[in-house]
Each structure stands twice: as C-alpha cells, then as structure tokens.
Amino acid sequence: MTNTPDLPERTPTPVPPPESTASVLDDATYSRILEPRGRGRLPLGDGTWHQLARAYVRVQLISQGAVFALVLAAAIVSQVLSGVFWQWIPAGVILLITAITMIITPRQARAFGYQLRHDDLVFRRGILWQRVVAVPYGRMQLVDITHGPLDRGFGIAQLKLVTAAASSGITIPGLTQAAAEQLRDTLIDVAETRRTGL
Amino acid sequence: MTDPSRADEVLPGGGAPGGPVPAAAVPGSAVSGSAVPGAAVSGDAPSAHEGAPPRALVRSPLSDGEWQRLHPLTPLLRGGLFLVVMIGVIVANLRERLIELFLPAVTDLPPGVVPPDPVDFILAHNLILIAGGGALAVLIVLLVIFRLSWRFHTFRISDDDVEVRSGVLFRTHRRAPLDRVQGVNLTRPLVARLLGLAKLEVVGAGLDSNVKLEYLSAPAAETVRGDILRLASGRRLAERGAAAVASGSPVQQAADAVAAGIQGIVDGEDFSDAQPDSIVRIPFGRLVASRVLSGSTLTLVALIAVIVVAASFSTLWVLFTMIPAFLAFGAYYVRSIARGLRYAIAPSPDGVRLTSGLFTTVSEVLPPGRVHAIEVHQPLMWRPFGWWSISVNRLTGHSRGSSDSNADPFATVLPIGTREDVERVLGILAPALPADEWTYVFRHGILGPVDDDPYVSTPRRVWLLRPLSWRRNGAVVSADAVFLRRGWAHRTLTVIPLARLQSIGLRQGPLARATRTATLAAHVIPGTVRTSVGALDRDAALALFDDTARATIAAAAGDRSHRWAG
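Residues numbered from 1 in each chain as written. Chains lettered and ligands numbered in written order. Predicted model: local features only at pLDDT ≥ 70, side-chain atom pairs only at ≥ 80, totals over all residues. Heavy atoms only, no water.

Colleague: What am I meant to see in the interface of chain A and chain B here?
Modeller: Often the size quoted for an interface is simply the accessible area lost on bringing the parts together. The interface is formed by 39 residues belonging to chain A together with 47 residues belonging to chain B. Together, the buried faces of chain A and chain B total about 3500 Å²; carbon and sulfur atoms form 57% of this surface. Here chain A is connected to chain B by zero salt bridges. Along the contact surface separating chain A from chain B lie 15 residue pairs in polar contact (both at pLDDT 80 or more). (Contact = heavy atoms within 4.5 Å. Buried area = accessible area lost by both parts, 1.4 Å probe. Salt bridge = Lys/Arg side-chain N within 4 Å of Asp/Glu carboxyl O. Polar contact = N/O pair within 3.5 Å; in protein donor to acceptor, adjacent residues only side chain to side chain.)

In structure tokens:
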C-alpha cells in the first residue's frame, strides 16, 4: 500500500508468547500447517502458528464412525427384517456424506491454525475454502470453552471467541484442555489491558 | 431489589454551582395518593442519594438520582389493549340493542322489539344489582391492578446508569450503564400523541437490552433524554477531573461557585436541548418519485406482465390476482413514504438527531462513535437525477428479525438526497474523517474511478469475475476507515470506521485460488450494510488485510467515543 503513507508503522516481528505458554499450546499438536496446492493460495506469512491437538481427529473419526456404523446397521437390519430396498437411498446419501467427511477431516484439522501476535489474534482454517481472520484482543467480548463427554475422554476442548460481530466466527475446535485454559487466561489478560469500546 | 446499604457517597468537587444538593426527599410516603408525575418515591430506604447527578447537568426533576414514577396516564395506554378487547366483547354482545337505540331505522325488526340478549336476561330476572356490582368489582380490581403496577414501576437516572424496576409479583430490575448507551429513542405513537405522552427508550448494546420508560409526558421525555445524553457524554467526569485540581479552601470553593454563577448569567441560558434545524429537507415530490423509481416498482411491473400473460393464455379470472398485488404494493409505498415524511436529521452536541414519521413520530439521538458502517448507494434509476441514499449499521438493542416491523426505522438514515445532502449527512455521521480522506468518498469512491485511483481494484486479467464493475470494484484503507467500492449499475460505497471494526477477514475459494484473487471481509455488527468485496488481487488483498489489522489496533487504542465529551 504505497498510497496510504499515514498508516502506523508495520510492527517488525510478532512478539512470541512466553516459553511456558508456547510449550503448553504446542503440546501434542500437529507441527506443520497443511496448505492448498494452488499457487494463488493465501500464504502462511511469518510468525509461529499453533495448531490443533492430534486427539481432535481421533474424536471426530470415532463420532463420525459411530454415525456411519449406526446408519449402516439400521439399513441392514431393516432389509433383513422387511426385505425392502428403498431405505438404501437415504441411508446411502448419509453414508456417502459421512464417508467423505471422514476422509477429509484429518486434512481439515491440519489446516487450522492460530497465531498470537502482539495486539491481535490471527486465525486460519480451511483448504478448499480458505479463511483468515485477525481479531484485536480488545474486541473480544467473551471466550467460551465447551467440551462434550467424548472430548473429555480424550482431553480436548473447543474454544470460541465472541466479538460484537457475528461474522467474525472464530471457533478453534480441538485444543488440549491445558492449552484451551492457558489460551483463555492469556486472552482474558491481554484483552483486559487493551480494552476498547464496542 | 433496593440496596439501602450502598454508601451515601458524596462525590468530590462537583465544582458546578450548587454542588451535591441534599436529597429533596418528600417526607413520608403520603405522596402516593397524589398523581403528580415525578413525585419522588420515598418509600425506599432513607433517601439513598448516591450517585446523584450534579444539578448543572440535569434539567429535569425526573433525573435527580431518585426513584421516580412514570406518567400517571401510563396504565391507560399500557392497559389500553385490554380495555379495547373488553369494549369489543361488550359491543359484540349488545350490537342489536345499540343499533336499535341509536339507529332505529336500519333494523328490520318492528319498533320496540329487540332480540334477546344478556341485558334482557338481566332485566327479566331482576339481577341489575348483582350484574352492576360484579361489573363494578371487576372495574375496581382492574383499576387497583393498574394502579399497583404503576406504583411499582419506577425508574432512576443516576450518575452512571439508568435503572428501571417493575412488576408487582415478579419484580424485575434492569440497569443500563451510561457509557454503553448506543442511542436514545423517543417514540410517539398516535394515541400517546393525543394524550401528550411519549415513550423513551435507552438503547443498549445487547439483544433485547433496551431500557424503556413508557410513558412520560412529552416535554419531560425530551428533557430526560437530554439529561441522559449529557450524563453519558462524560462531561461530568471531565468536570470532576477539573474540579479535583481546582478544589481549595472552602472560601476558594465558594468564590468558584459565585464565579460560575456569574459566568452562567453572562453566558445566558444553555439552549443545547433546543431542537436543532434539519440539515436536509426532502421535498414531497422527490420522496414520492424516489419510491416509485425503486426496484420494487420493477417487481410490480414484472408481476403485472406475468399475470397479464397468464390471463391471455388461460382464463380471464387470473387478472383478479392483480388486486392483492396492488394492495400489497400500495401499502408498501404508502408506508415507506409516510416514514420519509417529516424527516429531519441534525447535528447536536450529543450526536446525530434523526426524526421522522407522520403518524407515529420517532426521534432518535445517535451519540458519536455509534455508527459501525455507512453505505452510500444509488440504484440505476436514480442516476439521472443524482439522488443517493445512505444506510448505516448500528446497535438497536432489538433482536434481528423481531416481529416489530419498525424495529429499525433508521437503518436508512437518509432515504433520498442530492450530493450536497449526502456530503452534509456523511459529515455528521463520520466527523472524525480527516479532510484529505474525503476525496476517497466522492471523487474516487462514489463517482470513481478517475485518474490516479487510490483504490485497489479488480485486476484486468480477471475482469470476467466482475464483467461490468471490475473497474469500480475495489477497496482502500486509511488510518481511520476502510472504504469498499462496488457496483456499476447499483453504485455503492461502504465506509467502515476502523475504531468500530471488530475483525478483518480474507476468504478464498477454489475459483478465487485458480484466478489468484481473494475476498476481503470487514466484520462489523450485523445490519443491512454489506461489508465485503470480492475479486481483489491476492497480494493486494493481503496487503489490505495487514494494513487494516494494524490500523484497527491503532484506531481502537485512540478511540474515546464511549464517553464522548471527556
């Protein structure tokens, strides 16, 4: 942007979080962000990206596999009992969609990433449909952590950042619980010092 | 939820003449019988006068930091619907008798003969006393209920918040902090106007977070609104800071008070509550023409064409379906024109003041820094006349898609205006925009592109993505705002103040990746304004994304508009 000289200075390098924080955030996670192959993709840029916990994919595969098995069993049982075939049409659609989801879930999970910069959080997700969002810490209205029973079994949690704009839509689905709590506390702390109006 | 334990905090300084005035508590609660609007409710703890606003800032006796009641006619309006239903039931039962009584000519019955109805039953069985007594009892119970709910419905305007308590059995207590006030609306429905009443609504920042004071007498509502805005503006805080420095010996303070009083005489009365003149006037002809030359007219014409074609191919009665179409569109035109009538927009010390409506007048004050996105747009049919329209995103406190069709009457802040009108309105909506950025608005933004275009627009190689508007489709970011320019037929310019931007995003799908482009999306609070622009060159979009992210942080850090006078 050469035509807007009055913009503030470009911050040279993002300030990395303290060592202890970084180790918790990067514990048992993927180590490399998966990118689309196209050369016109949105690049990673510089700075450290934190990623999702590997357990997230296991949880997703288990729950989707359960759906797959249930639908398959229901369809087979109804065919054995009544001898009709039409139930394979809806069941087939569901099975196909679940199977595709199960195939792409591991790839999708590795495309999630977030970066804690000095004044804002950058979040990215998606391979086919890429999305990058930058949220200033001061804009956060609340930080929400949820985990279901299966999540608890594997020790992961979902962290959601809420701003006044519904379209910001930042949901980090599979963090280790320690990382989620650490991240929440960090975010609340920095948001407190950078509090702004709406 | 009274809180008598709160300390009777006497705020320091209060350098205003008078300073913290002792509570003007009315002794005893004997006032309960008198229906004086604004009589202090003294049934509470012994006059907890904490946080009473200084006298210099409030003009209405209703905003003195005490619990106050609403106008005594309030139950009539709030219970009005119930009464109408009751009267309707009675009229339906006594229809024949009433017609016989007043219009004996139209009934087809012989004179003096009436069909049997409850009145005859009562007369025949000599139940007048019981019926009359029952009616009286119901009436008294209703009156007592209305009266009670009125007595329990109190509000208080203190230094830091507006509070409302209501309910007899199920008490609710709502408190709205003043530094989160997003606007104050004054609505006057037709019936309330006849009674000289008005509804005051303090707009909060959440869903269904408005604090409503319905009803107050119209002049009182106007002054209370002025008080709320003055208190919210933080002028008080600024003065407190100044007073803390100036406070010296009692003699010094007395001298200051006298000096301030003399200064007040010299300055004359403060007219900041007076209704300012509108900076835009919409001639009736232009308003009608603009509504007729809108997209809905095209829809109507298309609908008529479809119906006529259908009628010529099948039976003729299909033509009759035109009638409901005409009715619906007619109602739409009348409503949108009535809304634009008596339109006024004016700057005031406490923000932009918008007024409109023929029957139900709504007047809203939008404090500075409460506009999250501004859109200037021009449908193709308005172009020959040089007309524009402006709409904004701001918090209304109503949930989206609520049943109230008037939920957001001022999403369109300027229904129709010339270029001069647009410049004036933008000037008061975005006062923080520096002079050198105004060229982004008109020269390059609304009318562009021209030579030395500062906007980053769709590159020529992907013109197929925006076949008509690729020259215009673009964005630019300055130190104060993001400008998004779109549309060839329907020209649009969106201005998003960076101090209000929530987050910034980039999107890219497979097609965009193949063409090396991306979509820039500015995330603001939900509203009618679209805040994204697609088909930008990927590297340019990345640069815009980075610049916006940095400029947003700087703009938000320097933003002080939640207390706009302080």
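Colleague: Where do I start with helix α3 (residues 88-111) of chain A in this structure?
Modeller: Think of an α-helix as 3.6 residues a turn; residues three or four steps apart then line up on the same face. Residue and element names in this part refer to chain A. Compared with the 34 Å implied by 1.5 Å per residue over 24 residues, the 34 Å span of α3 between its first and last C-alpha is a close match. Taken together, the buried positions of α3 are Ala-91, Leu-95, Thr-98, Thr-105, Ala-109 and Ala-111. The elements touched by buried residues of α3 are α2 (55-82), β1 (113-116) and β2 (120-125). (Helix = DSSP H or I, 4+ residues; strand = E, 2+ residues; numbered from the N terminus. Expected span 1.5 Å × (residues − 1). Buried < 20%, exposed > 50% of the residue type's maximum accessible area, 1.4 Å probe, protein only.)

Colleague: Just checking my understanding: could you explain the sheet that holds strand β5 (residues 156-162) of chain A for this structure?
Modeller: What holds strands together in a sheet is hydrogen bonding between their backbones, with the strands either parallel or antiparallel. All names here are of chain A. Read across the open sheet, the three strands follow the order β4-β5-β6; overall the sheet is antiparallel. Both edges of this open sheet fall to β4 (142-146) and β6 (170-176), since each of them pairs with a single strand only. Along the sheet, successive strands turn relative to each other by an average axial angle of 25 degrees, direction set aside. Pairing of β5 with β6, which is carried by five bridges, proceeds in the antiparallel orientation. Among the inter-strand pairings, Leu-159 is bridged to a residue of β6, identified as Ile-172. Along the sheet, helix α5 (residues 177-193) makes contact with β4, β5 and β6, crossing β6 at roughly 135 degrees. (Pairing = 2+ DSSP bridges. Axes fitted to C-alpha atoms, helices over the stretch in contact; angles between N-to-C directions.)

Colleague: Sorry, what's going on with the pairing of strand β18 (residues 503-508) of chain B here?
Modeller: Side-chain positions along a regular strand alternate between the two faces of the sheet. With respect to burial, β18 of chain B is a largely interior element, five of its six residues being buried. Across five bridges, the pairing between strand β3 (residues 130-136) of chain A and β18 of chain B is antiparallel. When the bridges of β18 of chain B are listed, Arg-131 of chain A appears paired with Arg-507 of chain B. Across five bridges, the pairing between β18 of chain B and strand β19 (residues 517-523) of chain B is antiparallel. When the sheet's bridge partners are listed, Ile-504 of chain B is paired in β19 of chain B with Ala-522 of chain B.

Colleague: Mind showing me how you'd approach the nonpolar core here?
Modeller: A general tendency of soluble globular proteins is for nonpolar side chains to be buried together. Formed by 37 residues in total, the largest nonpolar core has its most connected members in Ile-374, Ile-390, Leu-429 and Phe-483 of chain B. At five residues, helix α13 (residues 419-429) of chain B tops the list of elements feeding residues into this core. (Core = buried A, V, L, I, M, F, W, Y, C linked by side-chain atoms within 4.5 Å.)

Colleague: Sorry, what's going on with α2 of chain A here?
Modeller: Residue and element names in this part refer to chain A. The end-to-end C-alpha distance of α2 is 40 Å, a good match for the 40 Å that 28 residues give at a rise of 1.5 Å each. On its buried side, α2 packs onto α3, α4 (149-154), β5 and β6. Two residues or fewer after α2 comes Gly-83, characterised by a positive phi angle close to 75 degrees.

Colleague: Which parts of the structure should I look at to understand the side chain of Ser-233 of chain B?
Modeller: Checked against the element boundaries, Ser-233 of chain B lands in the loop between α7 (218-232) and α8 (235-246). Here the side chain of Ser-233 of chain B touches Arg-230 of chain B through a polar contact of 2.7 Å, landing on its backbone oxygen.

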